[in-house]
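Letter by letter, the chains look like this.
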Amino acid sequence: MLSLPAVFTDHAVIQRHQAIPVWGWTTPCTKVTATFNGVSACTYANDHGRFDLRLAPQQAGGPYTLSVEAGEDTITLKDIMVGEVWVASGQSNMEWTLTQCEASYDLP
């Protein structure tokens, strides 16, 4: 019955130098252990089956696996990298390429 939200997938990138949040759902009051790059953290699911824990911050690197265990259930995510995570949003500006720029700028 262990499940994680859709943001947890193979081939993900996790922000470096930040605590790594892991959350999801399982059988109420079950012990949950998450392991990433040799570091583990444990917690217990609440009365509704929700759990939330934090793994220690990591340096950039990878690929690693993230394993989450609750009772007899295990979810293992593969090819997880640690590095810089950028969130980009927009519409037409996200399709703009640098080759479409008329001017270039010399940076110091």
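Residues numbered from 1 in each chain as written. Predicted model: local features only at pLDDT ≥ 70, side-chain atom pairs only at ≥ 80, totals over all residues. Heavy atoms only, no water.

Draft legend 1. Representation of the sheet that holds strand S3 (residues 31–36) in the model. The five strands lie next to each other as S1-S7-S6-S3-S4, forming an open sheet whose pairing is mixed. Each edge of the sheet is formed by a strand with only one pairing partner; in this case those strands are strand S1 (13–15) and strand S4 (39–44). Averaged over all adjacent pairs, the angle separating strand axes in this sheet is 30°, with direction ignored. Sheet topology places S3 next to S4; six bridges connect them, and they run antiparallel. Its bridge partner being in S4, Phe-36 is matched across the sheet by Val-39. (Pairing = 2+ DSSP bridges. Helix = DSSP H or I, 4+ residues; strand = E, 2+ residues; numbered from the N terminus. Axes fitted to C-alpha atoms, helices over the stretch in contact; angles between N-to-C directions.)

Draft legend 2. Geometry of the layout of surface pockets. Roughly 220 Å³ of volume is contained in the largest pocket. What lines the largest pocket is a set of 16 residues, and nearest its centre among them are Phe-8, Val-13, Ile-14, Ile-20 and Pro-21. Elements with a minimum of two residues in the lining of the largest pocket: S1, strand S2 (20–25) and strand S7 (73–83). Here the lining of the largest pocket is composed, by residue class, of 13 nonpolar, three polar and no charged. (1 Å grid on protein atoms, 1.4 Å probe; cavity = no way out; pocket = protein on both sides within 12 Å on 5 of 7 lines; lining within 4 Å. Points joined across faces, edges and corners; volume = space filled by probe spheres on them. Nonpolar A, V, L, I, M, F, W, Y, C, P; charged D, E, K, R; others polar.)

Draft legend 3. Main features of the pairing of S7. Pairing between S1 and S7: three bridges, direction parallel. Note that in S7 the partner of Ile-14 across the bridge is Val-82. The pairing of strand S6 (residues 61–70) with S7 spans seven bridges and is antiparallel. If you follow Leu-66 over to S7, its bridge partner there is Leu-77. Hairpin connection, S6 to S7: the antiparallel pair is bridged by two residues, and Gly-71 has positive phi, about 60°.

Keep in mind that these numbers describe shape and distance, not what the molecule does.
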